[in-house]
Amino acid sequence: MNLTAKLDKVERQVAGLDLRRIIESPLLDIVIGVGLFLLALDRLGAFLGFLSTLQVLAAGLATLPHILRRRMPLVVVGLTALGALGLVYLGGGNIFGLTAPVYASGLLSAYTIFRQVRRRISWLLCGVAIVLSIGLVFWRPFPFAMPYGFTWGEGINHVGVSAAPFILTAAAALAAAAFLADVRRSRTEVRQAQANNLEALREQAAMGERARIAREMHDVVAHSISLIAVRAEAAPYTLKDLPDPVRTEFAEIASAARETLGEMRRLLGVLRADSGAETVLAPQPGLERVRELIEGHGGEVDLDIVGEERPLPQAVDVSAYRIIQEALANARTHASGSRLSIELAYQPNLLSIRVADDGPGPTQGASGGHGLISMRERALALGGWFSAERGPNGGFLIRAGLPTE
């Protein structure tokens, strides 16, 4: 592999790095916390020559809590401040005698605070801290001991190094921390706005698709069903000398078409419910209409109700009706003329449905249609169960259990 190929490979690896994930990784906080602690021990040992147990504990308290900075930010800030104050006390009250890792821990704590509060409060806290820091250059509000080489003078004409550059540097560092926190906050807001816009676009696309489906159903399917109903109603008048059974059959076709048209209009109302227009939806059918459903089936159906009938949750009531409706439709399609038995068992926490016919049963290699899929989805959506199989004595057996609580 030549040098150019190696460089291309390295460039691809670097391009594949997700810096944002690395920055937001908890592993980075662990590295920062442990690194600051080890550096603090090294610098304090070099400065003091010997570290006591209390100094080691204070150094750990001032740095190690940053491991949990993202989970408990305010607790971490309090612990690091307590550790820094402990180091100041153990160092004879020398606030300038802390090492760079401890100062870095303080800046990280300030950054954590700036990230937790709102933008205005963040800059207000930063401004107050900077004003107080600059004020320390001109007067000494509390008797901290000065390290060797530092003076509290008004300039640099005193012997040693003035504290003014140190405090001004700290003020600039605080401003930088507030600025970085503001940048991170802005990026987070931008990402959130982009995510909200994407979600809004998805919702608009879904609403547009639902509106398109509603238009297609209204313009094509509903029109065709309406035409079926009209022609079925008109057939006895346009065709002379029809036998009474044929007239009855045409009437049932027209009635079924009208009922289907009503169901479709309710479905269109659901599809258009998100358009912002007021939509009046008819109540969904429930088990109180199951006897009407059986009467409209046209064949022999036995209904057996076990237990005491009681009001059911609307979702359970509608799903039970739809499952029975689909089971009767399957029987008319695949086992025409067969005798059906329907059992509704009201158990304490469950409604059990059993629909069986004495027809030929499922054929070899036949696949479940959309009706069985719809029934299964309704049952599973309520946390229940569903099965469709050959009955013990032949025919087809559908069973479902719908939790009522």
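From a predicted model like this one, the values you see are computed outputs, not experimental measurements. Each chain carries its own residue numbering, running from 1 in the direction its sequence is written. The model is predicted, so local features are restricted to residues of pLDDT at least 70 and side-chain atom pairs to those at 80 or more, both for listing and for counting; the totals for chains, interfaces and linings are taken over all residues. Only hydrogens and water are set aside; all other atoms, that is, all heavy atoms of the structure, feed into the side-chain values.

### Structural notes on the overall build of the protein
Heads up, the rule is: Helix and strand labels come from DSSP, where a helix needs a run of H or I of at least four residues and a strand needs a run of E of at least two; each type is numbered from the N terminus. Burial status follows relative accessibility: with a 1.4 Å probe on protein chains alone, a residue under 20% of its type maximum counts as buried, one over 50% as exposed, and anything between as partly exposed. To be clear on the numbers: accessible area is Shrake-Rupley with a 1.4 Å probe, and residue cover counts the displayed protein chains and nothing else.
When helices and strands are counted, the protein shows twelve helices and seven strands. Looking at the 405 residues of the protein, the share that counts as buried comes to 32%. By element, 61% of the accessible surface of the protein is carried by carbon and sulfur atoms, the whole surface being about 25400 Å².

### A word on the confidence of the model for the protein
Close reading of the predicted structure is inappropriate where its pLDDT is low. For clarity, the threshold we go by: As a per-residue measure, pLDDT tells how confident the predictor is, with possible values from 0 to 100. Residue contacts are defined here by distance: any two heavy atoms, one from each residue, within 4.5 Å place the two residues in contact.
Scored by pLDDT, the protein has a mean of 75; 74% of the residues are at 70 or more. Of the regions scoring below 50 in pLDDT, residues 141-161 engages in 41 contacts with residues more than four places distant in sequence or in other chains. Considering only residues more than four positions removed or in separate chains, one finds that residues 276-281, a stretch of pLDDT under 50, has six contacts.

### Section: the packing of helix α5 (residues 73-90) against helix α6 (residues 100-116)
Cut-off, in case you're wondering: Where helices are involved, their axes are fitted lines through C-alpha atoms of the stretch in contact, as for all axes, and angles between N-to-C directions lie from 0 to 180°. Under this scheme an angle from 65 to 115 degrees is roughly perpendicular, one under 35 degrees roughly parallel, and one over 145 degrees roughly antiparallel; angles in between are oblique. Crossings are classed by handedness, with left-handed meaning an anticlockwise turn of the near helix from the far one by less than a right angle and right-handed meaning a clockwise turn. The classification used treats Ala, Val, Leu, Ile, Met, Phe, Trp, Tyr, Cys and Pro as nonpolar, Asp, Glu, Lys and Arg as charged, and all other residues, Gly among them, as polar.
At their nearest, the axes of α5 and α6 sit 10 Å apart, and the two run at 150° to each other. Considered as vectors, α5 and α6 are oriented roughly antiparallel to each other. Of the two elements, α5 crosses α6, and the hand of that crossing is left-handed. Mapping the contact onto sequence places P73, V77, T80, A84 and L87 in α5 and V102, S105, S109, T112, I113 and Q116 in α6. For the contact of α5 with α6, the residue count by class is six nonpolar, five polar and no charged.

### Concerning a nonpolar patch on the surface
Quick note on the threshold: Residues enter a patch when their relative accessible area is above 30% and they make no salt bridge; the linking distance is 9 Å between like charges and 5 Å between nonpolar side chains (Val, Leu, Ile, Met, Phe, Trp, Tyr). Salt bridge, as used here, is a side-chain nitrogen of Lys or Arg placed within 4 Å of a carboxyl oxygen of Asp or Glu.
Together, L27, L28, I30, V31, V34, L38 and L64 line one region of the surface with nonpolar side chains, adding up to about 550 Å² of accessible area. Relative to the assigned elements, L38 resides in helix α3 (residues 26-48).

### Things to note about the pairing of strand β6 (residues 385-390)
Under the convention used in this document: A pair of strands is treated as paired once DSSP finds two or more bridges between them.
Bridge count between β6 and strand β7 (residues 396-403): six bridges; the pairing is antiparallel. For S387, the partnering residue across the bridge sits in β7 and is R399. Here β6 folds back onto β7 in antiparallel fashion, the turn holding five residues, of which G394 has a positive phi close to 95°.

### So, the packing of helix α4 (residues 53-63) against α5
Helix-helix packing is described using two parameters, namely the angle between the two axes and the distance between the axes. Between α4 and α5, the shortest axis-to-axis distance is 7 Å and the interhelical angle comes to 150°. With respect to α5, the element α4 is oriented roughly antiparallel. Here the hand of the crossing between α4 and α5 comes out left-handed. Residues L54, Q55, A58, A59, L61 and A62 of α4 form the contact with α5, whose participating residues are L79, T80, L82, G83, A84, G86, L87 and L90. Considering only residue class, the contact of α4 with α5 consists of ten nonpolar, four polar and no charged.

### Examining the side chain of T112
Within the element layout of this structure, T112 appears in helix α6. For T112, a relative accessible area of 4% puts it in the buried group. Setting aside residues no more than four positions away along its own chain, T112 makes contact with R69, P73 and V77.

### With respect to the side chain of N330
Considering the arrangement of structural elements, one finds N330 in helix α11 (residues 314-334). With relative accessibility at 16%, the residue N330 sits in the buried group. If sequence neighbours within four positions are ignored, N330 has contacts with A335, L372 and M375.

### Concerning the sheet that holds β6
Sheet architecture is open: five strands sit in the order β3-β4-β5-β7-β6, paired in mixed fashion. Only two strands of the sheet have a single partner each, and these edge strands are β3 (301-306) and β6. The average angle at which neighbouring strand axes cross in this sheet is 10°, direction not considered. When β3 meets strand β4 (residues 340-346), the two strands line up parallel, connected through six bridges. Bridging across to β4, I305 finds its partner in L344. Sheet strands touched by α11: β4, β5 (350-357) and β7. Its angle to β7, the strand with the most contacts, is close to 175°.

### Some points on the pattern of salt bridges
Pairing between side chains becomes possible if they bear opposite charge and their charged atoms approach one another. Overall, the coordinates contain ten salt bridges when judged by the stated rule. Across the pair R258 and E233 runs a salt bridge, and its minimum N-O distance is 3.3 Å. Remark: E233 occurs in helix α8 (residues 164-238) and R258 occurs in helix α9 (residues 244-271); sequence separation between them is 25 residues. By relative accessible area, R258 is classed as partly exposed at 35%. One network of salt bridges, with partners in common, ties together R119, D182, R185 and E189.

### Notes on α5
Put simply, the test is: Take the residue count of a helix, subtract one, and multiply by 1.5 Å to get its expected span. Taken from the helix axis, the directions to the C-beta atoms give the arc we talk about.
Taking 1.5 Å of rise per residue, the 18 residues of α5 would be expected to cover 26 Å, and the 26 Å separating its terminal C-alpha atoms lies within 8% of that figure. Within α5, the full set of buried residues consists of P73, V76, V77, T80, G83, A84, L87 and V88. Here the buried residues of α5 occupy an arc of 145° about the axis, which is enough to place them on one side. Summarising the geometry of α5, the exposed residues directed more than 90 degrees from the buried face are L74, L82, L85 and Y89.

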